[in-house]
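Residue-level structural notes
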Amino acid sequence: MALRTLFRPRTRLGLGLGVRNVQTFTLPDLPYDYGALEPAISGEIMKLHHQKHHQAYVTNYNNALEQLEGAMNKGDAPTVVKLQSAIKFNGGGHINHSIFWKNLTPVNEGGGEPPKGDLAVAIDNQFGSMEALVQKINAEGAALQGSGWVWLALDKAQKVLLVETTANQDPLVTKGASLVPLFGIDVWEHAYYLQYKNVKPDYLKNVWKVINWKYASEAYESSK
């Protein structure tokens, strides 16, 4: 099953003078079955994560955008301002999870196979080795307090790789407009708790078995 476009917007036309087009967003399909990442990530977690959590972000994002449209048409500045946090949180949740699904792939389709080519060279040059990068990302992810994400990013302006964390559902772009996510690891409890309980480091250790380095390499090459 092919992964659909990240944002698949639908346009809904409003009625009345001054009404703008309202775009709505839909849940992207996964490019693999829910159980395909086992034993690293259970099928139960994947189904719940995708159908419930990601779907909730999409639904709430659409609702917030619709409310924003109405507030803007009415010139209701306080409501426009009030809605910004919901748009950031739920829109970020949609963006981050849409990337996350593509950052994972089953072992029999190359999951966990180390990167090759220019990305592999860049990792060695900047972090010393693949093992050192994994240790850094795992340490950053384990140390992140509360909910959030840990990312391997390309800074297009500086032409360097970075390990970054973002809180809650903040997308990586909130850390810098020139940052491109090569892959991100969800370290919210809903991403691992049913399987790993409170042992987040075990989840971080095992998720590498299904990381899609081919996708990361393609993102790196297209963004250099």
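Calculation criteria
Residues numbered from 1 in each chain as written. Predicted model: local features only at pLDDT ≥ 70, side-chain atom pairs only at ≥ 80, totals over all residues. Heavy atoms only, no water. Helix = DSSP H or I, 4+ residues; strand = E, 2+ residues; numbered from the N terminus. Rg over C-alpha atoms; globule rule 2.2 N^0.38 Å. Buried < 20%, exposed > 50% of the residue type's maximum accessible area, 1.4 Å probe, protein only. Contact = heavy atoms within 4.5 Å. Axes fitted to C-alpha atoms, helices over the stretch in contact; angles between N-to-C directions. Parallel < 35°, antiparallel > 145°, perpendicular 65-115°, else oblique. Nonpolar A, V, L, I, M, F, W, Y, C, P; charged D, E, K, R; others polar. UniProt positions renumbered as here; feature names shortened; annotations may be inferred. Pairing = 2+ DSSP bridges. Phe/Tyr/Trp six-rings, centres within 6.5 Å; stacked < 30°, edge-to-face > 60°.

Overview of the overall build of the chain
The number of helices and strands found in the chain is seven helices and five strands. Along its sequence from the N terminus, the chain presents helices and strands in the succession β-β-α-α-α-α-β-β-β-α-α-α. Its C-alpha atoms give the chain a radius of gyration of 19 Å, near enough to 17 Å, the size a compact globule of 224 residues would have. When the backbone C-alpha atoms are referred to their principal axes, the chain occupies close to 60 × 40 × 35 Å. Counting across all 224 residues of the chain, residues that qualify as buried make up 48%. Sequence separation of 24 or more characterises 66% of the internal contacts of the chain that already satisfy a separation of 6 or more.

A look at the packing of helix α3 (residues 117-127) against helix α4 (residues 130-143)
It is at 8 Å that the axes of α3 and α4 come closest, and there the two elements cross at 70°. As judged from the angle between their axes, α3 and α4 are roughly perpendicular. Within the contact between the two elements, α3 uses Ile 123, Asp 124 and Phe 127 and α4 uses Met 130, Ala 132, Leu 133 and Lys 136. Along the lines of polarity and charge, the residues of the contact of α3 with α4 split into five nonpolar, no polar and two charged.

Description of the UniProt feature "domain: Manganese/iron superoxide dismutase N-terminal" (unreviewed entry) in the chain
Residues annotated by UniProt as "domain: Manganese/iron superoxide dismutase N-terminal" (unreviewed entry) correspond here to residues 24-104. Here residues 24-104 runs as 72% helix and 1% strand, with 26 Å between its end C-alpha atoms.

Concerning the sheet that holds strand β3 (residues 148-155)
Strand order in the open sheet formed by three strands is β4-β3-β5, with antiparallel pairing between adjacent strands. The sheet is open, and its two edges are formed by β4 (160-167) and β5 (179-186), each paired on a single side. Strand-to-strand twist of the sheet, defined as the mean angle between neighbouring strand axes without regard to direction, takes the value 25°.

What about the environment of Glu 66?
Position of Glu 66 among the secondary structure elements: in helix α1 (residues 43-74). You can call Glu 66 partly exposed: its relative accessible area is 43%. The spatial distance from the C-alpha of Glu 66 to the C-alpha of Pro 31 is 29 Å, given a sequence separation of 35 residues.

Quick notes on the packing of aromatic side chains
Summed over the entire model, instances satisfying the criterion amount to eleven aromatic pairs. Look at Phe 100 and Trp 149: their rings are 5.5 Å apart centre to centre, the planes differ by 85°, and that puts the pair in the edge-to-face class. In this pair, Phe 100 is assigned in helix α2 (residues 77-102) and Trp 149 in strand β3, connecting sequence segments 49 residues apart. Comparing Phe 100 with Trp 149 shows no difference in burial state: the two are buried. Seen from their ring centres, Phe 183 and Trp 208 are 5.5 Å apart, and the 85° between their planes marks the pair as edge-to-face. Of this pair, Phe 183 sits in strand β5 while Trp 208 sits in the loop between α6 (200-207) and α7 (213-223), and the two are 25 residues apart along the sequence. The exposure classification of Phe 183 matches that of Trp 208, with both residues buried. Clustering of aromatic rings is evident, with ring pairs tying together Phe 100, Trp 101, Trp 149 and Trp 151.

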